[in-house]
Amino acid sequence: MFTTLYILFAAIQLLLAAYLLQPAFLLLVYSIKKLFFKQRKIIRSEGDKDFSFAVIVTAYKNLQLVPPLVDSVLKQTYRHFKVYVVADGCEQTDTGYNNDPQVKVLAPAVTLSAKIKSIDYAINNFDQEHDVLIILDADNLLHPDYLSVLNTYFNLGYRAVQTNMLAKNNDSVYAQLDAAGNYFSNFVDRRMRMELGLSANIWGLGIAMETTLYKEVVYNNFLGGFDKKIQADIVKLIPQLAYAEEAIVYDEKIDSGDALETQRTRWINAYFKYFKYGWNVFVTGLKRGSFNLMFFGFNLLRPPLFLQISGALFFAAFNLWIDPTLSISWIAALIIFPLSFLIIVAIMSTDKGVISSLLYLPLVFLRQVRAFLHIGKANKAFLQTPNNKVIYIEDLLKK
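What comes next concerns the included structure. (Residues numbered from 1 in each chain as written. Predicted model: local features only at pLDDT ≥ 70, side-chain atom pairs only at ≥ 80, totals over all residues. Heavy atoms only, no water.)

Let us look at the pairing of strand β7 (residues 207-210). Judged from the four bridges that link them, strand β4 (residues 132-137) and β7 form a sheet pairing that is antiparallel. Within the sheet, the bridge partner assigned to Val 132 lies in β7 and is Glu 210. Inspection of the sheet shows strand β6 (residues 160-167) paired to β7 by three bridges, in the antiparallel sense. For Ala 160, the partnering residue across the bridge sits in β7 and is Met 209. (Pairing = 2+ DSSP bridges. Helix = DSSP H or I, 4+ residues; strand = E, 2+ residues; numbered from the N terminus.)

With that out of the way, let us pick up the packing of helix α9 (residues 275-288) against helix α10 (residues 291-300). Between α9 and α10, the shortest axis-to-axis distance is 7 Å and the interhelical angle comes to 160 degrees. In this view, α9 runs roughly antiparallel relative to α10, as classed from their interaxial angle. As for the relative orientation of α9 and α10, their crossing is left-handed in sense. Contacts between α9 and α10 involve Tyr 277, Gly 278, Val 281, Phe 282, Thr 284, Gly 285, Leu 286 and Arg 288 from the first element and Leu 293, Met 294, Phe 296, Gly 297, Phe 298 and Leu 300 from the second. Per-class residue counts for the contact of α9 with α10 are nine nonpolar, four polar and one charged. (Axes fitted to C-alpha atoms, helices over the stretch in contact; angles between N-to-C directions. Parallel < 35°, antiparallel > 145°, perpendicular 65-115°, else oblique. Left-handed = near helix turned anticlockwise from the far one by under 90°. Contact = heavy atoms within 4.5 Å. Nonpolar A, V, L, I, M, F, W, Y, C, P; charged D, E, K, R; others polar.)

The next subject is helix α5 (residues 173-195). Helix length check: α5 (23 residues) gives 31 Å between terminal C-alpha atoms against 33 Å at 1.5 Å per residue, within 8%. The largest bend in α5 amounts to roughly 40 degrees and is located at Phe 187. In terms of burial, α5 is a largely internal element, 20 of the 23 residues being buried. The positive-phi residue at the C-terminal boundary of α5 is Gly 197, with phi of around 75 degrees. (Expected span 1.5 Å × (residues − 1). Bend = angle between axes of the 7 residues up to and from the residue. Buried < 20%, exposed > 50% of the residue type's maximum accessible area, 1.4 Å probe, protein only.)

This brings us to the packing of α5 against helix α12 (residues 324-348). For the pair α5 and α12, the least separation of the axes is 9 Å and the interaxial angle reads 95 degrees. As the angle between them shows, α5 and α12 are arranged roughly perpendicular. Contacts between α5 and α12 involve Ala 180, Gly 181, Tyr 183, Phe 184, Asn 186, Phe 187, Val 188 and Arg 191 on the former and, on the latter, Phe 337, Phe 341, Ile 344, Val 345, Ile 347 and Met 348.

Further remarks concern α10. Most of α10 is tucked away: eight of the ten residues are buried. For α10, the set of buried residues is Asn 292, Leu 293, Phe 295, Phe 296, Gly 297, Phe 298, Asn 299 and Leu 300.

This is the structure we're talking about:
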């Protein structure tokens, strides 16, 4: 009995160490590839097909941020698209572009209160068949070449593509910290996966996929975690879930501690609620002998960063009574991880404000602990993170 418990105890430590040291390993791979291999370039060919894109914008109770987003879509260099704005629970539905033939504003008679339902509502009201659908939030903006880049990726044969989410604002420490977290996860879960020919994780926005592929996903729960469910399903249906770093979507970053708590409460709740999907993907990978699926499932099971750090601190202290050598190993891991985090953010961002904001990471840790204590709220209501930064794409690109 004691031997079994000790093996289990050691296995848990090994698993946690693998998660903590993965960024450092990927940094090593990145350095080797940069030194010895040429960077991959995506180039459009003359015979490429012009895919028809449905750009779905989900707005809940407020259309304040929708006009700048629709404006950014209408200014795309690629023209084969239509925008579907789902004004869920909105008192007024005028976006300023309602009369544009490439824009359709939908107002559900009954409030849907769920992103998944809004997406389905848009699909059921398509004016024409669209090859690909793109899911956006109301606070997003698109770079003018966004759809052009995506068209090239779909011509390469990819059936689902996650695009690159960058910060729309960095006017507070929390916004900078939020952006730093995005840079880190973009590197670990997207850029390096794509470099290694593996499937990338998706965000809840900026994901483009074949319309027929999306329709194969069946939802049983509508409160949060939409991205957890969809990626766990589609990754098993396609060879690779791609990442298009050149296709840029701008997203509003949270600008206060309270907003961060709301956001993290939703994310942490989704992790536990959809934990089973990660296990399912991992087991499916084992059965198929697919390293891509096993690695994807392994990372879906990865705990939130603050839980990883908490676990490492616990094992560093606990092992003082069992094996001091292991304590030293955990201390080393607790040094390597933040250094890796800092280097990755420095590689991905040239914004000195984002890098200097990392000094305030302990605040994020404490806020995430508080969010963890309130995860039950996410099961009872739709937790919306407040967004209020009205800016148009021309002004953003001038910064």
